[in-house]
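Examination of the molecular architecture
Residue-level listing of the chains:
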Amino acid sequence: MKNKRTKPSKRSKARSKRATRLSTRPTVLDNMRERVNELEETLRAIRSGEVDAVVVSASKGDQVFTLQGAEHPYRLLVETIDEGAATLSNDGTVLYSNRSFANIFDAQLERFIGTPIENFVSGEYVEALRALIRNAASGVARGEIRLVDRAGRARTVRLTLTRSTQFGMEALCAVATELTELVETNEALRVTESSLRQLSGRLLQLQDEERRRIARDLHDTTGQKIAALSMSLDRVARLLDTKKPERQEALDEGREIVRTIGEEIRTLSYLLHPPLLDESGLGSAIRWYAEGFQKRSGIQLTVNIPNNLGRLTNDVEMALFRVVQESLTNVHRYSGSPNAEIHVHDTSDAIKLEVVDHGKGIKTGTERTKIEGIASLGVGIPGMRERLRQFGGQLEVDFGREGTRVSASVPLKKARVAPPVEESEVVVAAPDGDSNSEPAPSSDLRRRILIADDHEVMRRGVRGLLESHDEWAVCGEAFEGREVVTKSRELRPDLIIMDINMPGLTGIDAAQQIRKENPAAKILFFSVHESAQTVREVVNAGAQGYVAKSRAGHDLVDAVRNVLDGGTFFPSFARTA
C-alpha cells in the first residue's frame, strides 16, 4: 500500500509558529537582565563615588559629563592642605580660596572671596603683585611679596600664578607658600655667621697679639739677659788666669751653652713674630722670610716689592705676612714646584699681594677644591680670608693645572698708616739747659760714645766692656728712640751704639733722623737680630757697622775700633748674602 502524503491543516501551522516564538523569549530576557545588572552596577559606582564622569558617544563625537559631587575628594584635598590655593580673575579678584590661602593673607574667608587680592598686600609691594598678575597672563609667574599682619609682623610669601582656560573661562590659579619662618631662620643664620666671622677674626687678632707679646718678652727680657751674660763671660775669660786648661775649657763650654740658648730663643721669637715686621715693615719682613724659606726648602723665590711701598698699619702688615707664610707652606708641602714668586704692589685704591707657584696644580678630571668656608685644605686659606675680611680685603685662590696663584688685596684707605710725626714737632725736654747748646769743652781726649738700648742690663754690659779700654769714654745713655736723637744732637758723640728695637722710634727710624741732621754721624747697630735682611736695613739707614749681641764679646770691640777709625764692620753672613 502506497504511502499517502497529507497536507497539514491550518490549525497545525498556527501551533507550530507559537512554539517557535516561545523558544526565542529566553534569549531576549537574558540580554535584558544583563543590561539591567550593568545599569545597577553603574548606578552603584556613581553613588559610591567610584565614577567621576560619564562618556557618551554621539554622532558629533564623544562627550564627557562630570557627575555632580565627583570633585568632592579633590575639593576636600584642597581645603585641608597647608598650602594656600585660590582662583583669581584676570584683574586679581579672588574667585575661590581655601582657608589656608585666606589665612596667609590674614583675611576672613567670607570677606576674602570677591575682593581684590591687592587690598591685603602692603602698599610698597602692591606693584610687585600687579606685575606678577600681568606676567601670569602669558603663562606662569613666580615671585615673593611682603605682607604685614594685624600684629605688625612682617611676613614673606612666595606666590605662584598659572593661567587657566578650563570650563570656558579665563582665570589665574594661585598657590601661596609661607616663607616667613624660613626667611627669619636664614636671617638668624646670617647674623650668627657674621658673629662667628667677627669672633674668628678677633681670635686671630688676639693670637697675633699674644705671639707678638711672647716674642717681645723673649727678645726684650730673656734674650737680652743671655746676651749680657755672654758679654760677662767674655770679660771673665780675659780677666781670669787661663794657664790651667781646665779653667779655660769650662769657661768655653759655658760660653757655648749660652750662645746655643740665645740662638734657640731668637729662633723661637722670630717664628712667633718676625721683628722686622714691626721695625722695618712688610717689605723687609717678606724679604727676610723668603731668604730663610729658600735655605730651609731649597725652593727658589723671586721677590718683587717696590722700595717705596711705605708702612702699612700693623694689623694689615701682619695679615699680609701671614698670607705669604701660609702660601709658601702650601707650596713646600703640596705643589712640588722648584720655584715661586712673591709680588707686592699698590694701586690707586688697594695694596695687592700675589704668591705664584709652578707646581702640580689641579690634575685633569680632579674636582676643583672648594675654598669658601672651612674646606678640606684645612684652616689655612679660610684663616687668611678671615684676616683680610677684617679690613675689607679679599683673598682669591686660582688652582690651575700648571700651578696655583694666591691673590690678596686690602683697600688702601684701610691699609695705609698715618704719616709719622716729624721729629721737629716733638718737644723733648733736655736734662740740663738748652738742648741745642754745644757740649761743654773738655780736656778728655778719649773718643766719646753714646749707648742707646731700652734694657738697662744691656747698657750696663756694653758700658763695662767699653770702659775697660782707656781710649773710649761713654758720654751718655738713652733708652728710647726719640731720646737718642735728642742726645745725639746735644752731646755730639764720636760714635752711637744703638739697638734696633726700641720704644718710640725704632733704631732704624732714629738713625735716619740723626743722619739727616748730621750726615757725618757714625752709627753702629747692636742687636739680637741676625739676618742679611736686617743688615741691609741698617745699611740703608746710614749705619757704618752691625754687631749681633750674641757675638758681642768677640766682635763689639773690633767693630767700635773699625768704625771710629773710619771703616765699617759687618758680619760675614751679610757680606756673602
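Predicted model only: the values in this text are computed from it and were never measured. (Residues numbered from 1 in each chain as written. Predicted model: local features only at pLDDT ≥ 70, side-chain atom pairs only at ≥ 80, totals over all residues. Heavy atoms only, no water.)

Taken as a whole and assessed by the stated rule, the structure comprises 3 cavities of 30 Å³ or more. Along the wall of the largest cavity there are 15 residues; nearest its centre are G223, G262, I265, R266 and V528. When residues of the lining of the largest cavity are traced back to their parent elements, those giving at least two are α6 (180–239) and α7 (245–272). Tallying contributions element by element places α7 first for the lining of the largest cavity, with 7 residues. Of the residues that constitute the lining of the largest cavity, the class distribution is 7 nonpolar, 6 polar and 2 charged. Taken as a whole, the second largest cavity holds about 100 Å³ of empty space. In this structure, the second largest cavity is lined by 10 residues; those nearest its centre are R216, H273, P275, D278 and N501. Breaking the lining of the second largest cavity down by element, the ones donating at least two residues are α6 and α8 (275–279). Classifying every residue of the lining of the second largest cavity gives 2 nonpolar, 5 polar and 3 charged. (1 Å grid on protein atoms, 1.4 Å probe; cavity = no way out; pocket = protein on both sides within 12 Å on 5 of 7 lines; lining within 4 Å. Points joined across faces, edges and corners; volume = space filled by probe spheres on them. Helix = DSSP H or I, 4+ residues; strand = E, 2+ residues; numbered from the N terminus. Nonpolar A, V, L, I, M, F, W, Y, C, P; charged D, E, K, R; others polar.)

Attention now goes to helix α5 (residues 126–136). Every buried residue of α5 is accounted for by V126, L129, L132, I133 and A136. In a view along the axis of α5, the buried residues occupy a sector of 120°, so they form one face of it. Those residues of α5 that are buried lie in contact with β5 (140–148), β6 (154–164) and β7 (171–178). (Buried < 20%, exposed > 50% of the residue type's maximum accessible area, 1.4 Å probe, protein only. Arc of directions from axis to C-beta. Contact = heavy atoms within 4.5 Å.)

Time to look at the environment of I500. Relative to the helices and strands, I500 resides in the loop between β15 (495–498) and α15 (507–517). A residue is classified by how much of its surface remains accessible, and I500, at 0% relative accessible area, is buried. Residues I500 and L276, 224 residues apart in the sequence, show an inter-C-alpha distance of 9.5 Å. Here I500 is in contact with E279, T506, G507, I508, F525, F526, S527, H529, T534, V538 and Y546, once residues within four sequence places are set aside.

If you trace the 5 strands from one edge of the open sheet to the other, you get β4-β3-β7-β6-β5, paired in antiparallel fashion. The sheet is open, and its two edges are formed by β4 (94–97) and β5, each paired on a single side. The mean inter-strand angle of the sheet, taken between neighbouring strand axes irrespective of direction, is 25°. Sheet topology places strand β3 (residues 84–88) next to β7; 5 bridges connect them, and they run antiparallel. Its bridge partner lying in β7, T87 is registered against C173. With respect to the sheet, α5 is in contact with β5, β6 and β7, its orientation differing from that of β5 by roughly 165°. (Pairing = 2+ DSSP bridges. Axes fitted to C-alpha atoms, helices over the stretch in contact; angles between N-to-C directions.)

This part takes up the sheet that holds strand β13 (residues 447–452). The strand order across the open sheet formed by 5 strands is β14-β13-β15-β16-β17, and the pairing between neighbours is parallel. The sheet is open, and its two edges are formed by β14 (472–478) and β17 (545–548), each paired on a single side. Averaged over all adjacent pairs, the angle separating strand axes in this sheet is 20°, with direction ignored. In terms of strand pairing, strand β16 (residues 523–527) meets β17 through 4 bridges, oriented parallel. Counted as the bridge partner of F525 is Y546 from β17. Lying over the sheet, helix α13 (residues 456–467) contacts β13, β14, β15 and β16, oriented at roughly 165° with respect to β14.

To continue, consider the packing of aromatic side chains. Tallying each qualifying case throughout the model produces 7 aromatic pairs. Between the aromatic rings of F101 and F112, the centroid separation amounts to 5.8 Å while the plane-to-plane angle is 35°, which identifies the pairing as tilted. With F101 in helix α3 (residues 99–104) and F112 in helix α4 (residues 109–112), this residue pair connects regions lying 11 residues apart in the sequence. With relative accessibility at 0%, the residue F101 sits in the buried group. Given the relative accessible area of 0%, F112 is considered buried. Taken together through their ring pairs, the aromatic side chains of F101, F105, F112 and F120 make up a single cluster. (Phe/Tyr/Trp six-rings, centres within 6.5 Å; stacked < 30°, edge-to-face > 60°.)

Now for the pairing of strand β11 (residues 394–400). Where burial is concerned, the two faces of β11 differ: the one with L395, V397 and F399 is buried and the one with Q394, E396, D398 and G400 is not. In this structure, β11 lies alongside strand β12 (residues 403–411), joined through 7 bridges in antiparallel fashion. Bridge pairing in β12 places Q394 opposite S409. From the end of β11 to the start of β12, which pair antiparallel, there are 2 residues.

A word on the packing of helix α10 (residues 314–335) against helix α11 (residues 380–389). Axis separation between α10 and α11 bottoms out at 9 Å; the angle between their running directions is 165°. The angle between the axes of α10 and α11 places the two elements in the roughly antiparallel class. As α10 runs across α11, the sense of the crossing is left-handed. Contacts between α10 and α11 involve A319, L320, R322, V323, E326 and S327 from the first element and G380, M384, R387 and L388 from the second. The residue inventory of the contact of α10 with α11, partitioned by class, reads 5 nonpolar, 2 polar and 3 charged. (Parallel < 35°, antiparallel > 145°, perpendicular 65-115°, else oblique. Left-handed = near helix turned anticlockwise from the far one by under 90°.)

Confidence in the prediction for the protein chain averages 76 pLDDT; 76% of positions are at 70 or higher. By mean pLDDT, strand β2 (residues 63–66) is the weakest element of the protein chain at 53, and β15 is the strongest at 94. Of the regions scoring below 50 in pLDDT, residues 1–6 engages in 0 contacts with residues more than four places distant in sequence or in other chains. Within the model, pLDDT remains below 50 along residues 420–441, and this stretch shows 22 contacts once partners closer than five positions in the same chain are excluded. (pLDDT = per-residue confidence, 0-100.)

Here we come to the pattern of salt bridges. Applying the stated rule across the entire model yields 15 salt bridges. Between E354 and R405 there is a salt bridge, with the nearest N and O atoms lying 3.1 Å from each other. In this pair, E354 is assigned in strand β10 (residues 350–357) and R405 in strand β12, connecting sequence segments 51 residues apart. Residue classification places E354 among the partly exposed residues on the basis of a relative accessible area of 23%. For E456, the salt bridge is made with R460, and the minimal N-O distance between the two is 3.6 Å. Note that E456 and R460 are positioned in helix α13 at a spacing of 4 residues, about one turn of the helix. Put simply, E118, E127, R130 and R134 are held in one network by salt bridges that share partners. (Salt bridge = Lys/Arg side-chain N within 4 Å of Asp/Glu carboxyl O.)

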